[in-house]
Amino acid sequence: MTLNVGDRVEVEIGPVAHGGHCVARHEGRVLFVRGVLPGERALVEVVDVGRRGRFVRAVPIEVMTASEYRVTPPCPFAGPRADHCGGCDFQHVRLDEQRRLKAAVVREQLERLGGITDLHTVWSGEVEPLPDPEPSQPGLRWRRRVRLAVDATGQAGLHPHRSHDVVAIDDCLIAHAGLDVPEITGTSWPGVDEVTVQVDPVSGERIVTVGRGHGVEAMTMAAAGRTWQVTAGGFWQVHPDAADVLAEAVMAMAEPRPGEHLVDLYAGVGLFSGVWGSRTGGRVDAVEGHRTAASDAGQNLADLPQASVHGVAVERFVASAEVQPDVVVLDPPRVGAKRQVVEAVAGWLPRAVVYVACDPAALARDVSYFAASGYRLERLRAFDLFPMTHHVECVALLVPEGGVSP
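Residues numbered from 1 in each chain as written. Predicted model: local features only at pLDDT ≥ 70, side-chain atom pairs only at ≥ 80, totals over all residues. Heavy atoms only, no water.

Section: the packing of helix H1 (residues 95–112) against helix H8 (residues 360–372)
How two helices sit against one another is set out by the angle between their axes and by the gap between those axes.
No. 1: Packing of H1 against H8 brings their axes to within 8 Å, and their N-to-C directions diverge by 30°. The angle between the axes of H1 and H8 places the two elements in the roughly parallel class. With respect to the hand of their crossing, H1 and H8 are arranged in right-handed fashion. Residues Val-105, Val-106, Gln-109 and Leu-110 of H1 pack against Pro-360, Ala-361, Leu-363, Ala-364 and Val-367 of H8.
No. 2: Taken together, the residues of the contact of H1 with H8 break down into eight nonpolar, one polar and no charged. (Axes fitted to C-alpha atoms, helices over the stretch in contact; angles between N-to-C directions. Helix = DSSP H or I, 4+ residues; strand = E, 2+ residues; numbered from the N terminus. Parallel < 35°, antiparallel > 145°, perpendicular 65-115°, else oblique. Left-handed = near helix turned anticlockwise from the far one by under 90°. Contact = heavy atoms within 4.5 Å. Nonpolar A, V, L, I, M, F, W, Y, C, P; charged D, E, K, R; others polar.)

Given below as structure tokens:
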């Protein structure tokens, strides 16, 4: 049966899939449906059809049989339709079930794309929660930085899923209260395309950056027993506990030893480099291709004379660097490290590689590249750094095939 945009069909909802949707089937056609849950029965409307009908995207019009895990979204703007904000994929899902869905995605990606057949031996299967900044509002008010789009009229808001339209909102419930999103959305911003608002966690000051790009204000972050300069608009985890949690997870997997040499790829402002250098006293090479982040890293590691910051693209560094590190940490962007970087890292023969991943599909692909280069997945943890969304953060330990964990 051919399906076209606007068609409505009744379907049984199947398993969750990577990307915040579930899979359904209708007369042999696969539909990717947002805003539903496995086991539900729903009337859905087709909103997009790929070239030659290779895929069909749909949204629910009516849920006839609801899952026991379905809840009313706390935010009235969240939802899958074109007039909803597309930032929160799972506001209709109970929080504990959100984490189970994310765990199912991590498992499916690592088994299917990563070729891992014994995942249960290296991972508990749990997506670990982080503390709620506002215990009275579980899963909400955790985001300390929000980027708002601005439409042609000067109205600030958020995008629907897969759209450049702007949905006017009066608040964002996952945003930290100190951001005062209602003040931003209640102000006209003619002539600009976006506004970024964030809170300096030490001073509590709200910083507003108008237009694309980075601001000039330097914020001070605190994590892992150190303070960190982060230029406004630069990368820092948006959940207030994420940097601490990830730093400890990375160090626990790597088990740093005195004097060991670390190569920190995609180092950002130097979080893992700084923790490693202060704990081991060993050499650190921090590699970061973004100029502003590399500059911040230089400031953040200035008290560690054994640390060097390389302000070059990771791909360029690995192609020419002559290093023999004991441990490599990778924290790549959503697209992952890819084959060139993986093969170069494996060629350095580190005793351990710790990979921090914000996309389970990219992680799974790179795990398969590591396997082809003689490194196996030894340990895995997953964290719910982004409640109400489909995003999940993983930390993976890879060790030489035939070797043992550190």
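We are not done yet, so read on.
Looking at the pairing of strand S19 (residues 375–384)
No. 1: Burial within S19 is extensive, with seven of its ten residues counted as buried.
No. 2: Bridge count for S19 against strand S20 (residues 393–400) is eight bridges, and the pairing is antiparallel. Bridging across to S20, Tyr-375 finds its partner in Pro-400. (Buried < 20%, exposed > 50% of the residue type's maximum accessible area, 1.4 Å probe, protein only. Pairing = 2+ DSSP bridges.)

Some thoughts on the pattern of salt bridges
No. 1: Considering all chains together, one arrives at 23 salt bridges under this definition.
No. 2: Close ionic contact of Asp-96 with Arg-100 constitutes a salt bridge, the shortest N to O distance being 3.4 Å. You can see Asp-96 and its partner Arg-100 sitting in helix H1, four residues apart, about one turn around the helix.
No. 3: With relative accessibility at 40%, the residue Arg-100 sits in the partly exposed group.
No. 4: A salt bridge links Arg-206 to Glu-183; its shortest N-O distance comes to 3.0 Å. (Salt bridge = Lys/Arg side-chain N within 4 Å of Asp/Glu carboxyl O.)

Remarks on the nonpolar core
No. 1: Ile-169, Trp-236, Val-250, Leu-271, Phe-272, Val-354 and Val-395 are the most contacted members of the largest nonpolar core, which has 68 residues in total.
No. 2: Residues contacting Val-250, with those up to four places away along its chain left out, are Phe-272, Val-329, Val-354, Val-356 and Val-395.
No. 3: Formed by 42 residues, the second largest nonpolar core is a distinct cluster that contains Trp-123, Leu-330, Ala-337 and Leu-363. (Core = buried A, V, L, I, M, F, W, Y, C linked by side-chain atoms within 4.5 Å.)

Side note on the side chain of Glu-45
No. 1: Along the chain, the position of Glu-45 falls in strand S4 (residues 41–49).
No. 2: You can call Glu-45 buried: its relative accessible area is 15%.
No. 3: Within polar-contact distance, the side chain of Glu-45 engages the side chain of Arg-8 at 3.0 Å. (Polar contact = N/O pair within 3.5 Å; in protein donor to acceptor, adjacent residues only side chain to side chain.)

Notes on helix H5 (residues 291–300)
No. 1: Residues Ala-293, Ala-294, Asp-296, Ala-297 and Asn-300 constitute the buried set of H5. Taken around the axis of H5, the buried residues stretch over an arc of 160°, which confines them to a single face. In H5, the exposed positions angled more than 90 degrees off the buried face are occupied by Arg-291 and Gln-299.
No. 2: As for H5, its buried residues are in contact with strand S13 (226–231) and strand S16 (307–310). (Arc of directions from axis to C-beta.)

Things to note about the packing of helix H3 (residues 242–254) against helix H4 (residues 271–280)
No. 1: The interhelical angle for the contact between H3 and H4, taken along N-to-C directions, is 55°, at an axis separation of 10 Å. In terms of their interaxial angle, H3 and H4 are classed as oblique. H3 and H4 meet at a crossing whose hand is right-handed. When H3 is examined against H4, the residues Ala-243, Leu-246, Ala-247, Glu-248, Val-250, Met-251 and Ala-254 are found in contact with a partner set consisting of Leu-271, Phe-272, Val-275, Trp-276 and Arg-279.
No. 2: Looking at the contact of H3 with H4 residue by residue, the classes come out as ten nonpolar, no polar and two charged.

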